[in-house]
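# Observations on the model geometry
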Amino acid sequence: MVIVRKIASIIITMWLIITVTFIIMHSIPGDPFSNDSKALSEEQLNHMKAKFHLDQPVLNQYFIYLKNIAMFDLGPSIQSESRDVNTIIGEGIGASALLGIQSIVIALIGGIILGTIAAIYKHRFLDFLALFIAIIGISVPSFILAPLLIKYFGVEWQILPIANFDTWWHSILPSIALAVGPLAIITRYVRSNMIEVLNSNYIRTAKAKGLPMIYILTQHVLRNTLLPVITFLGPLFASVVTGTFVIEKVFSIPGIGKYFVESIFNRDYPVIMGTTIFYSFILLLTLLLVDICYRLIDPRISLRSGERFE
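So, how was this worked out
- Residues numbered from 1 in each chain as written.
- Predicted model: local features only at pLDDT ≥ 70, side-chain atom pairs only at ≥ 80, totals over all residues.
- Heavy atoms only, no water.
- UniProt positions renumbered as here; feature names shortened; annotations may be inferred.
- Helix = DSSP H or I, 4+ residues; strand = E, 2+ residues; numbered from the N terminus.
- Salt bridge = Lys/Arg side-chain N within 4 Å of Asp/Glu carboxyl O.
- Buried < 20%, exposed > 50% of the residue type's maximum accessible area, 1.4 Å probe, protein only.
- Polar contact = N/O pair within 3.5 Å; in protein donor to acceptor, adjacent residues only side chain to side chain.
- Contact = heavy atoms within 4.5 Å.

## Topic: the UniProt feature "transmembrane region" (unreviewed entry) in the protein
Residues annotated by UniProt as "transmembrane region" (unreviewed entry) correspond here to residues 7-28, 99-121, 128-148, 168-190, 226-251 and 271-294. Between the end C-alpha atoms of residues 168-190 the distance is 30 Å, and the span holds 83% helix and 0% strand.

So, in structure tokens, the structure goes:
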């Protein structure tokens, strides 16, 4: 029943996102044919507007769009006559998903390892080194880190390829550029939470019993440490998604982010709205999965209110 309410809230939120995005798009001065108005005659311009329902009242356009969305039809692309928005998203989802999944995996694994090392060696060299890496990762944005990675790893040292997006090796540098910021934040989360857990009474008791440190870390410490990290997975996914827009443009990756940026410059309203709706749905679905993971890791947590059942 709780899951049903969560899904209902996702549907309502998606409707609000669709409505707000529609209003914003139609509040922008001009139309998608402004750049081509000199090349089109008035008759051709009227025909194009009729084809995309832009000659109808805004309210009618809104209900037509809602009807199409309910049928999972995001509409045709105005600038690309041979492809609709569904096709564009289908073509770009593979590259975007690969970058997103890889960057999240890198951030989680790297952040947990660095945070654990920093907590175990608190106030020692490895702790300071991990914190230094975290500070650099937080301070340097991905759009600055990406050209540096290209310059050194791609051009000067020629370790990894940077042109095109033909093989898996081409995805490594953009994934690292996306992952560094979240990795730094996870490192700080894990370090602070693990230090608190290591100082708790039950961990002291486990140490007094002579249990191996690796057993204590894997069976007791990490499970309680990772719960706050899962809280961060929703915002982490959001940051990866928004960062993908810039990274895909810098590395010339044919993903959804690249099409989204190009559609803004071209005023391709259906593509802008379609990609926004698609990303919003993925983000809301991720937040639902995070809530479910809460319950799996600690059954005392209620999906309804986040309260612990003692």
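## Focus on the pattern of salt bridges
One pass over the structure, following the stated rule, counts three salt bridges. The partner of arginine 83 in a salt bridge is glutamate 91, with the nearest N and O atoms 2.5 Å apart. The exposure class assigned to arginine 83 is partly exposed, which follows from its relative accessible area of 23%. The shortest N-O distance in the salt bridge between arginine 191 and aspartate 127 comes to 2.7 Å. Placement of the pair is arginine 191 in helix 7 (residues 172-198) and aspartate 127 in helix 5 (residues 125-139), with a sequence separation of 64 residues. According to the relative accessible area criterion, arginine 191 is buried, its value standing at 15%. Given the relative accessible area of 0%, aspartate 127 is considered buried.

## Examining the side chain of threonine 187
Relative to the elements of secondary structure, threonine 187 occurs in helix 7. Relative accessible area serves as the criterion here: at 1%, threonine 187 is assigned to the buried category. Within the structure, the side chain of threonine 187 is placed 2.8 Å from the backbone oxygen of leucine 183, a separation counted as a polar contact. When neighbours within four sequence positions are excluded, threonine 187 is seen to be in contact with Gly110, Gly111, Leu114, Gly115, Ala130 and Ala134.

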